[in-house]
Amino acid sequence: MASERYNAREAESKWQQVWEERGTFLSRTDSARPKYYVLEMFPYPSGRIHIGHTRNYTMGDVVARYKRARGFDVLHPMGWDAFGLPAENAAMQNRVHPAQWTYANIATMRAQLKLMGLSIDWSRELATCDPAYYKHQQRMFLDFLVAGLVDRKQSKVNWDPVDQTVLANEQVIDGRGWRSGAVVEQRELTQWFLRITDEAQDLLEAIDGLERWPEKVRLMQRNWIGRSEGLLVRFPLAPATAPPGARELEVYTTRPDTLFGAKFMALAPDHPLAAAAARANPDLAEFIAGCRRVGTSVAVIETAEKRGFDTGIRAVHPFDPTWTLPVYVANFVLMNYGTGAIFGCPAHDQRDLDFVNAYGLGNIPVVCPPGVDPASFRITDVAYDGDGGMINSRFLDGMTVAQAKEEVARRLESTDLDGRPQGRRQINYKLRDWGISRQRYWGCPIPVVHCEACGVVPVPDADLPVVLPEDVTFDRPGNPLDWHPTWKHVRCPSCGGPARRETDTMDTFVDSSWYFVRYTDPHNEAAPTTRAAADYWMPVDQYIGGIEHAILHLLYSRFFMRAMRETGHVGLKEPFAGLFTQGMVVHETYRTRDGAWIAPDEVKFLDGAGGRQAIVTATGEPIEIGPVEKMSKSKRNTVSPDDIVVSYGADTARWFMLSDSPPDRDVIWTEEGVQRVFAFVQRLWRLVGELNAIGPPPGEAGLPNAFSPPALAVRKAVHGTIVKVEENIERLHFNVVIARIRELANVLSAAIGALESDEVPADLRFAFREAADTLVLLYAPFMPHLAEECWAALGHASLACETPWPQADRALVVDDVITLPVQVNGRKRGDLVIDRNADNAAIEAAVLALEPVRRAMEGRPAKRIIVVPRRIVNIVA
RNA sequence: GCGGGCGUGGCGGAACUGGUAGACGCGCUGGACUCAAAAUCCAGUUCUGGUGACACAGAGUGUCGGUUCGACUCCGACCGCCCGCACCA
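What you see is a predicted model, and the numbers here were worked out from it, not measured in a lab.

K.L.:
How would you summarise the overall build of chain A if you had to cite specific residues and measurements?
P.N.:
Broken down by element type, chain A carries 26 helices and 38 strands. When the backbone C-alpha atoms are referred to their principal axes, chain A occupies close to 110 × 85 × 65 Å. In chain A, which comprises 877 residues, the proportion classed as buried is 53%. Long-range pairs, those at least 24 residues apart, make up 71% of the contacts in chain A with a sequence separation of at least 6.

K.L.:
Go over helix H8 (residues 272-279), please, and point to the residues and values.
P.N.:
For H8, the set of buried residues is Leu273, Ala274, Ala276, Ala277 and Ala278. On its buried face, H8 sits against strand S11 (248-253), strand S12 (264-267), helix H9 (282-292), strand S13 (308-317) and strand S14 (320-330).

K.L.:
An account of the sheet that holds strand S1 (residues 35-40) is requested, with residue identities and associated values reported.
P.N.:
Read across the sheet, 4 strands follow the order S2-S1-S28-S29 without closing on themselves; strand pairing throughout is parallel. Both outer strands of the open sheet, strand S2 (73-75) and strand S29 (579-582), are each paired with one neighbouring strand and no more. Mean inter-strand twist for the sheet, computed between neighbouring axes without regard to direction, equals 20°. Sheet topology places S1 next to strand S28 (residues 542-546); 3 bridges connect them, and they run parallel. Note that in S28 the partner of Val38 across the bridge is Gln542.

K.L.:
Talk me through the layout of surface pockets; I want residue IDs and the actual numbers.
P.N.:
Counted as a void, the second largest pocket has a volume near 460 Å³. Along the wall of the second largest pocket there are 23 residues; nearest its centre are His587, Pro600, Asp601, Val639 and Glu671. Listed by contribution, the elements that provide at least two residues to the lining of the second largest pocket are strand S30 (585-592), strand S31 (603-606), helix H18 (641-648) and helix H20 (671-694). In terms of residue count, H18 provides more of the lining of the second largest pocket than any other element does, 4 residues in total. Each residue belonging to the lining of the second largest pocket can be placed in one class, and the counts come to 11 nonpolar, 6 polar and 6 charged.

K.L.:
Account for the sheet that holds strand S25 (residues 489-491), naming residues and giving values.
P.N.:
Here we have 4 strands laid out as an open sheet, ordered S24-S23-S26-S25, and antiparallel in their pairing. Each end of this open sheet is capped by a strand with a single partner; those strands are strand S24 (455-458) and S25. Ignoring which end each strand starts from, the neighbouring axes of this sheet average 40° apart. Pairing of strand S23 (residues 448-451) with strand S26 (residues 498-501) involves 3 bridges; the strand directions are antiparallel. If you follow Val449 over to S26, its bridge partner there is Arg501.

K.L.:
If you had to explain the protein's contact with RNA strand B to someone new, which residues and values would you point to?
P.N.:
Near RNA strand B lie 63 residues; those nearest to it are Ala168, Arg440, Glu743, Arg871 and Asn874. Of all atoms in RNA strand B that approach within 4 Å of the protein, 63% are sugar or phosphate atoms. The separation between a sugar or linking oxygen of RNA strand B and a polar main-chain atom of Asn169 is 3.0 Å. The separation between a base nitrogen of RNA strand B and a polar side-chain atom of Glu302 is 3.1 Å.

K.L.:
Would you mind going over the nonpolar core in detail, with residue names and values included?
P.N.:
Membership of the largest hydrophobic core comes to 180 residues, with the highest contact counts inside it found for Tyr515, Phe516, Trp669, Tyr779 and Phe782. Apart from residues lying up to four places away in sequence, Tyr515 is in contact with Leu39, Glu40, Met41, Phe42, Leu126, Tyr133, Tyr543 and His553. By size, the runner-up hydrophobic cluster in this structure holds 40 residues, among which are Val251, Phe260, Val408 and Ala409.

K.L.:
Residue-level account of empty space enclosed by the protein, with values.
P.N.:
Counted according to the given criterion, the structure contains 2 cavities of 30 Å³ or more. Its volume calculated, the largest cavity comes out at about 100 Å³. Computed from the structure, the second largest cavity encloses a volume of approximately 40 Å³. At 3 residues, helix H5 (residues 131-146) tops the list of elements feeding residues into the lining of the second largest cavity.

K.L.:
Requested: an account of the packing of aromatic side chains, with residues and values cited.
P.N.:
Counted according to the given criterion, the structure contains 41 aromatic pairs. Centroid distance Phe264 to Phe355: 4.8 Å. Interplanar angle 35°. Geometry classified as tilted. Of the two residues, Phe264 is situated in strand S12 and Phe355 in helix H11 (residues 350-359); the sequence distance between them amounts to 91 residues. Seen from their ring centres, Trp655 and Phe782 are 5.8 Å apart, and the 75° between their planes marks the pair as edge-to-face. Separated by 127 residues along the polypeptide, Trp655 in helix H19 (residues 650-658) and Phe782 in the loop between helix H23 (762-779) and helix H24 (784-793) bring together distant segments of the chain. Residue Trp655 is classed as buried on the basis of its relative accessible area of 0%. What links up through ring pairs into an aromatic cluster is the set Phe42, Tyr515, Phe516, Tyr519, Tyr543 and Phe576. In this arrangement the basic side chain of Lys153 is found over the ring face of Phe193, its NZ or CZ atom lying 5.0 Å from the centre.

K.L.:
Describe the pattern of salt bridges, and please don't skip the residues or the numbers.
P.N.:
Tallied over the full model, the rule gives 47 salt bridges. In this structure, Arg48 and Asp642 form a salt bridge, with 3.1 Å as the shortest nitrogen-oxygen distance. Within this pair, whereas Arg48 is found in the loop between S1 and helix H2 (51-69), its partner Asp642 is found in helix H18, the two being separated by 594 residues in sequence. Taking the relative accessible area as the measure of exposure, Arg48 reaches 47% and is therefore partly exposed. Close ionic contact of Arg740 with Glu743 constitutes a salt bridge, the shortest N to O distance being 2.6 Å. Taken together, the residues Arg740 and Glu743, both in helix H22 (residues 734-753) and 3 residues apart, mark about one turn of the helix. A residue is classified by how much of its surface remains accessible, and Arg740, at 24% relative accessible area, is partly exposed. Among the charged side chains, a network of salt bridges with common partners joins Asp202, Arg558, Arg562, Lys573 and Glu574.

K.L.:
Quick rundown of the packing of H20 against H24? Include the residues and the values.
P.N.:
Where H20 meets H24, the axes come as close as 10 Å, and the angle between the chain directions of the two elements is 15°. In terms of axis orientation, H20 runs roughly parallel to H24. As for the relative orientation of H20 and H24, their crossing is right-handed in sense. Side by side, H20 and H24 meet where Val681, Leu684, Trp685, Val688 and Asn692 of the first sit next to Leu786, Glu789, Cys790 and Ala793 of the second. Considering only residue class, the contact of H20 with H24 consists of 7 nonpolar, 1 polar and 1 charged.

K.L.:
Can you explain the pairing of S28? Please cite residues and give values.
P.N.:
With 5 of 5 residues buried, S28 lies mostly within the body of the structure. Pairing of S28 with S29 involves 4 bridges; the strand directions are parallel. Within S29, the position partnered with Tyr543 by the bridge is Leu579. In this fold, the crossover linking S28 to S29 by way of helix H17 (residues 552-566) has right-handed handedness.

Cut-off values and rules
Residues numbered from 1 in each chain as written. Chains lettered and ligands numbered in written order. Predicted model: local features only at pLDDT ≥ 70, side-chain atom pairs only at ≥ 80, totals over all residues. Heavy atoms only, no water. Helix = DSSP H or I, 4+ residues; strand = E, 2+ residues; numbered from the N terminus. Buried < 20%, exposed > 50% of the residue type's maximum accessible area, 1.4 Å probe, protein only. Contact = heavy atoms within 4.5 Å. Pairing = 2+ DSSP bridges. Axes fitted to C-alpha atoms, helices over the stretch in contact; angles between N-to-C directions. 1 Å grid on protein atoms, 1.4 Å probe; cavity = no way out; pocket = protein on both sides within 12 Å on 5 of 7 lines; lining within 4 Å. Points joined across faces, edges and corners; volume = space filled by probe spheres on them. Nonpolar A, V, L, I, M, F, W, Y, C, P; charged D, E, K, R; others polar. Near = heavy atom within 4 Å. Polar contact = N/O pair within 3.5 Å; in protein donor to acceptor, adjacent residues only side chain to side chain. Core = buried A, V, L, I, M, F, W, Y, C linked by side-chain atoms within 4.5 Å. Phe/Tyr/Trp six-rings, centres within 6.5 Å; stacked < 30°, edge-to-face > 60°. Lys NZ or Arg CZ within 6 Å of the ring centre and 35° of its normal. Salt bridge = Lys/Arg side-chain N within 4 Å of Asp/Glu carboxyl O. Parallel < 35°, antiparallel > 145°, perpendicular 65-115°, else oblique. Left-handed = near helix turned anticlockwise from the far one by under 90°. Right-handed = clockwise from strand over helix to strand, strands pointing away.

What follows is the structure, given as C-alpha cells:
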C-alpha cells in the first residue's frame, strides 16, 4: 500500500457514488438528536462555478461533516438564486430565452459542484425561477398585502430614454446608459414597497441578540438603519420672496443646538418648494434638471462636487424675526431623508462647510471644543462636529451641546406658528422602505390586477401562480411583459370587467429572503412552509457568505422573517443565529506589453536573475506579472474548479482553499501552493500506510496498562490535536485546524522514523493505531474522499463520514510539569521548568535563581515579581 | 462624500479574554538519494551587530504618540489598501 500513489480521481468518483447510493447526506427531521442547520448563500447561476464559490461551500461542508460526526442531525442544502438581470442581458446578446440560459447554467454548475464532494442533501434543491417556488412567494406577497405590510407609492428610477427602460445604478456610467449611451433621466414611477421601516426599531434592537454575528456586520446594520433623534423645525418664509402659496419650509435636524450657526437653507433638487421656485426661474429649472441627470445613486450624488443655486427665497430664523437665511437648491441634499430640506451650519458640518466655502457665505462657530479659547476659535476648512460649550448663541451660551438641544426643542415646541408648534421632536431612520418593483421580465410576477372599477385587486389563490409567459422576445426596448400581446389583458377577478395585470416583477432580493426556510420542506405544494419542519430546523445555525451581503440581503431576510411570522408562515423573527463572512479567492494578473490579459494556464514561469519572470507558453512573449486581484473574466485571472479537480482532485482544492489564509480573508490561489497540497495528500496516504504496516496491537487487547515514553508522547500529540481541532473548527479557524493536523502528521512521521527495529512493542502499536484512526477522522471533514480511502485501508468496514468524532482523553492533554517563560522588565530572559501546581513563593525563588535572570538583573534587587499562573513570570528590576 | 474593515519575516499567515512575536505552510539555502532530473527525506531560514562555530547583544507586528510590570492585542492622530451605499447578485 505504501508504495502506491493515491489516485484521487478514481477514489473521489468512487466514494461520491457510495455516498449517493447510501443517501448518506439526506437530512432526517424526525430523530431525537439535536439539529444543526448549516447554509452557504446560494449562487446566482451565472454560467460556471467560480473557485470562490467552492471555497465558500467547502467551509460549510467542513462544518456540516464535523457536526454530523458530533451527533447532530444536519441540514445542508443547495439551490439557485435564479432570477435576475444577467439572464435578460444574455437573452438580448445571444437570442436565448432567459429560462433556457438559466437552466442550462444550473445543469452545468450542479455537475461542477458535485465534483467537490460536498455533503449536500440534493433532494432539497430549488431554483427561485421555478413556478413551484415563486408561487409561494406570490401567496406570501398577498398575505403581506392583507396584513398591511405592503405599500404603493412613488419613487425615482434611472430612466434610459433610448432603451425605454429602467437602469440599475451599476448600468449608469457617468450619467449615461451603459448600452445606449443616452443621458439618463430620473423618473417618478408608482411602485410596490414592503414596509420595512415599520420594523426599523425592532430590527435595530434585535441586533443586540445576534451574538454569533461578526461585530462589523452588526455595526453596519445599525448604521444602515440609522436611528436618530432630532427636531422638525418649521421656518417661515419671507413673504416677499416666497413663491405663491408657499409660507414655510420644514427641515429635520439632529443638531438644533447649532441653530445660531445657520448660514443657509438647502432643498433637495426634487423638493416641492424647489419646483415651485423653478416655475418662475428657468435657470433654476435647468440647474435642477442637471442634478437629475446624475442618476439616483447616493454614492454618486454625494461624491459629486457640491453645487447649489440660490432660489431667491429667504427663510426667517426661528429665534430672530430680523434674521433671514438664503434658501438654495443643493445637489447633495437627499429628498428621501428627513424632509428633503436642511438648514446649513457650516462650522459644525463638513458638507455645509464645503458648500459655504464654495459660495463665500462664511461661518459662525457655535460649539467650542473643551480647552479652546472661544475668543480665538475659528473654523476654516475642517468642521468641528465634537462636543463642547455653546458660544455665539445668545440664550444658549455656556450650555453643553446636550443642554442646548433640549432648550431649543423645548422653546420651539411651545412656540406657535400658524396654529401649530414650530418644532416637533422626531425619531428618524435612514432606512427607507424596500422598493420591490422591477420593470423587468425575468423575475417573480407581482400577483395583482389593476381594474378601472375596482382598483388594485389581488389575484385569487386558485389562480396562483401567475406564471411568466414564455413567448417573449428581447429585440425591442422596454419590458417584454408590457409588449406581450395577451398576457397582461385579463378579467378583473372582482367585477369581471376588463383589467390589466401588474407587469412589474419582484426584486430578486425577495427571492433570497426566504429560500432558507423553503429548504426545510421544499416540496410542500400547498404552502410556502410546513410549520413543523420550519420550526424544527430554523433558525439557520451557521450562515456563510460574502461580506458584500452584510447589509441588504441580511436585513431584508430579517425583515421578511418578521413579515412571515406576522402572517403565520414561521414562528421566529431572526433567520440566522450564526453568521460568517468569508473572503474571496484572488489571483495574480498577467499582461503582455501591449496590454492584453493572459490567463494563468497560458503562462509559463522562468527562474532567472531579477526574480520571477513569465512568458506566454505558446509564443514565448514576455509577460508582466501584475498585482493579485479579485478573479474576474475581464482580467482573465480565473482558475476553473473542474481543471483543478481533474489535475489534483477535489480534496486538494478543498484543503488548499482553507489552508494559509483565515477564512474571512482573501486567499491567493497559486499553482505552486496547490502542487504542495497535492504532495501533502500523497504524504498523508503514505503515512497512514506506514502506520497501518506497523500492524494492529496483538489480539483484541484493550487499552494497555502502561505506556512507555515514546508511546505516551504519540498519544499526547494525538489527543492534544483532537482538542485543538475541535476548538478551531467551532471558531471556523480552518487555517489553524490545518496547521495543527500538519503538526500531528509531522510528529507521527518523526515517531516512525525513530523506530529502531521492526519489532514494535504492543503499547506503541496501540498508540500508532489510535493515531492512524484519529488522524483520518480529524482531516475527514476537509478531505473526505482521501479519508474514506484511508479508513478502508485501515481495515474498517464502516464509512469514515458515518463514524463518530474521536474522543479526546483530557488527562493526556494536561502536563504535570510546565515551562514558564521568565521576563525581566518585559523582555524574555529564560524559561522555568516547574511543577504545574507550584505556588507563587516557590516560583519566585526558582526564577531568581535562574542564571540568565541573574545576568539580566545585574545585581539589582527585584522590585516586584508578577506571576501569571501557568502563563508567565515578569520581574520588575 | 458617508458607513465598515484590514495592515505581522522574501510571501500567506499563527498568537485564546493584554502575557515567550513569527506556529503551520510557500519560497529560498545546504545536504542525502539519483547517471541526471522530478519526486521524496534531513537541516537551516525576522533583521542588524557579534563569533571559526556557538554564546551573546540590540531592533522589530503600516507611521507617530499614549496607557500598562508587560501592547500585534487597548486608546488617540495619521498613511495605505479593500468592501457597502438601497434596481448587480
